[in-house]
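Single-letter residue listing:
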Amino acid sequence: MAAFTQYDVFEEVSMVLSDEDFDRWTAKKMNVYLNAGLRAIATLKPNAFATSVELMMEAGAQQNLPPENSALIRVTRNLLPVYLDDGLRAGGEAITLVTREIMDAVMPGWTDPAVQPFAAKVDHIMFDVAEPTRFYVFPGNTGGGIVEAVVCAPPARLADSSTPDIPTSYEQPVPIDESYRQALVDYVAFACLRPDMAVPAAAQRAAMHKAAFDTALGVKLTTEAIASPKTTHSPPSQ
């Protein structure tokens, strides 16, 4: 990941807005918008902040991501409660994706341990973008399972400089790949222009930068799929 700083973004925005001295739009205000842009990217394209994590299963079929993770991208495999020489957990069986609709049709009541006994090992998962932090496992878990998953982990807020009136003092690296730099410049420019109707053609210019941001993220076509992809895997028969 190539590093660029808060000021790198602010400098480009100031040139786009012809405000190189930061008279109209301060670095402190731009930092608010930069953080908003990072949150927008995390929502629209979770893969931008993808990371692999271990998830400890809760008892039952329904599972929830930790609060620091904003979306599930995929679940890959079971992990065993033993460590290898490299300090990583030993891998277990792969986990396949099925749809909730098919599971409900094939095995009504599958979330009830009286119908399907709970187990530590996960065979299948089900999830939906409508509930990005929640997913379901089959069979329901005893609470002793561990799985490997890829999740969206949005970055912490980029803090203001200790000397907020000096733009060059905003030196924190922006925690996202260089390929998103221009998208963030467009987002900050959009956010600066949107409420400032005193600037000539502000509304049109704001719309242009927002459209460029959306296009960079593929929003006009489709938000990057994290949701239940089509699958040929079938749940177990009754």
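In this text the structure is predicted, and so the values were computed from the model without any measurement. (Residues numbered from 1 in each chain as written. Predicted model: local features only at pLDDT ≥ 70, side-chain atom pairs only at ≥ 80, totals over all residues. Heavy atoms only, no water.)

### Examining the sheet that holds strand β4 (residues 89-94)
Moving on, step 1. Ordered in space as β1-β8-β3-β4, the 4 strands form an open sheet in which the pairing is antiparallel. A single partner strand is all that each edge strand has here, and the edge strands are β1 (50-56) and β4. Strand-to-strand twist in this sheet, taken as the mean axis angle between neighbours without regard to direction, amounts to 40 degrees. (Pairing = 2+ DSSP bridges. Helix = DSSP H or I, 4+ residues; strand = E, 2+ residues; numbered from the N terminus. Axes fitted to C-alpha atoms, helices over the stretch in contact; angles between N-to-C directions.)

### Some words on the pattern of salt bridges
Moving on, step 1. With the rule as written, the count across this model stands at 10 salt bridges.
Moving on, step 2. A salt bridge links D160 to R157; the shortest N-O distance between them is 3.7 Å.
Moving on, step 3. Two residues, R181 and E178, come together in a salt bridge whose shortest N-O distance is 3.4 Å.
Moving on, step 4. The exposure class assigned to E178 is partly exposed, which follows from its relative accessible area of 31%. (Salt bridge = Lys/Arg side-chain N within 4 Å of Asp/Glu carboxyl O. Buried < 20%, exposed > 50% of the residue type's maximum accessible area, 1.4 Å probe, protein only.)

### Notes on the pairing of strand β6 (residues 124-127)
Moving on, step 1. Every second residue of β6 is oriented toward a common face, with H124 and M126 on one face and I125 and F127 on the other, all of them buried.
Moving on, step 2. Of the crossover connections in this fold, the one passing from strand β5 (residues 96-97) over helix α3 (residues 100-106) to the parallel β6 is right-handed.
Moving on, step 3. The turn joining β6 and strand β7 (residues 134-141), which pair antiparallel and follow one another in sequence, is formed by 6 residues. (Right-handed = clockwise from strand over helix to strand, strands pointing away.)

### Considerations on the packing of aromatic side chains
Two measures describe an aromatic ring pair: the distance that separates the ring centres and the angle between the ring planes.
Moving on, step 1. Applying the stated criterion across every chain yields a total of 5 aromatic pairs.
Moving on, step 2. Ring geometry for Y187 versus F213: centroids 5.0 Å apart, planes at 65 degrees, classification edge-to-face. Of this pair, Y187 sits in helix α4 (residues 181-193) while F213 sits in helix α5 (residues 202-217), and the two are 26 residues apart along the sequence. The pair formed by Y187 and F213 is uniform in burial state, with each residue classed as buried.
Moving on, step 3. Joined through ring pairs, the aromatic side chains of Y187, F190 and F213 make up one cluster.
Moving on, step 4. The ring of W25 is capped by R24, whose NZ or CZ atom sits 5.8 Å from the centre of that ring. (Phe/Tyr/Trp six-rings, centres within 6.5 Å; stacked < 30°, edge-to-face > 60°. Lys NZ or Arg CZ within 6 Å of the ring centre and 35° of its normal.)

### What to know about the side chain of N141
Moving on, step 1. By the secondary structure assignment, N141 is in strand β7.
Moving on, step 2. The buried category is assigned to N141, whose relative accessible area is 0%.
Moving on, step 3. Here A120 takes part through its backbone oxygen, which lies 3.0 Å from a polar atom of the side chain of N141.
Moving on, step 4. Of the polar contacts made by the side chain of N141, one reaches the backbone nitrogen of G145; its length is 3.0 Å.
Moving on, step 5. Sequence-distant contacts of N141, that is, excluding residues within four places in its chain, are made with M57, E58, A59, G60, A61, Q63, F118, A119, A120 and V122. (Polar contact = N/O pair within 3.5 Å; in protein donor to acceptor, adjacent residues only side chain to side chain. Contact = heavy atoms within 4.5 Å.)

### Here we look at unusual backbone geometry
Both trends apply: most residues other than glycine have a negative phi, and most peptide bonds are in trans.
Moving on, step 1. A cis geometry characterises the amide bond from F138 onward to P139, with omega recorded as -10 degrees.
Moving on, step 2. Examined against the element boundaries, P139 turns out to sit in strand β7.

### Some details on the packing of helix α1 (residues 6-16) against helix α2 (residues 27-44)
Moving on, step 1. Between α1 and α2, the shortest axis-to-axis distance is 10 Å and the interhelical angle comes to 105 degrees. The angle between the axes of α1 and α2 places the two elements in the roughly perpendicular class. For the pair α1 and α2, the contacting residues are Q6, V9, F10, V13 and S14 in the first and A27, M30, N31 and L34 in the second.
Moving on, step 2. Counted by class, the contact of α1 with α2 contains 6 nonpolar, 3 polar and no charged residues. (Parallel < 35°, antiparallel > 145°, perpendicular 65-115°, else oblique. Nonpolar A, V, L, I, M, F, W, Y, C, P; charged D, E, K, R; others polar.)

### Describing the sheet that holds β7
Moving on, step 1. With respect to topology, 4 strands assemble into an open sheet ordered β2-β7-β6-β5, the strand pairing being mixed. For this open sheet the edge positions go to β2 (60-64) and β5, each flanked by a neighbour on one side alone.
Moving on, step 2. Pairing geometry for β2 and β7, over 4 bridges, is antiparallel. From the neighbouring strand, G60 faces β7, where its bridge partner is N141.

### What about α4?
Moving on, step 1. In a regular helix each residue adds 1.5 Å, so 13 residues correspond to 18 Å; α4 covers 19 Å between its end C-alpha atoms and thus fits that length.
Moving on, step 2. Of all 13 residues making up α4, 12 are buried, and the element is well covered by its neighbours.
Moving on, step 3. The complete set of buried residues in α4 reads R181, A183, L184, V185, D186, Y187, V188, A189, F190, A191, C192 and L193.
Moving on, step 4. Among the structural elements, α1, α2 and α5 are those in contact with the buried residues of α4. (Expected span 1.5 Å × (residues − 1).)

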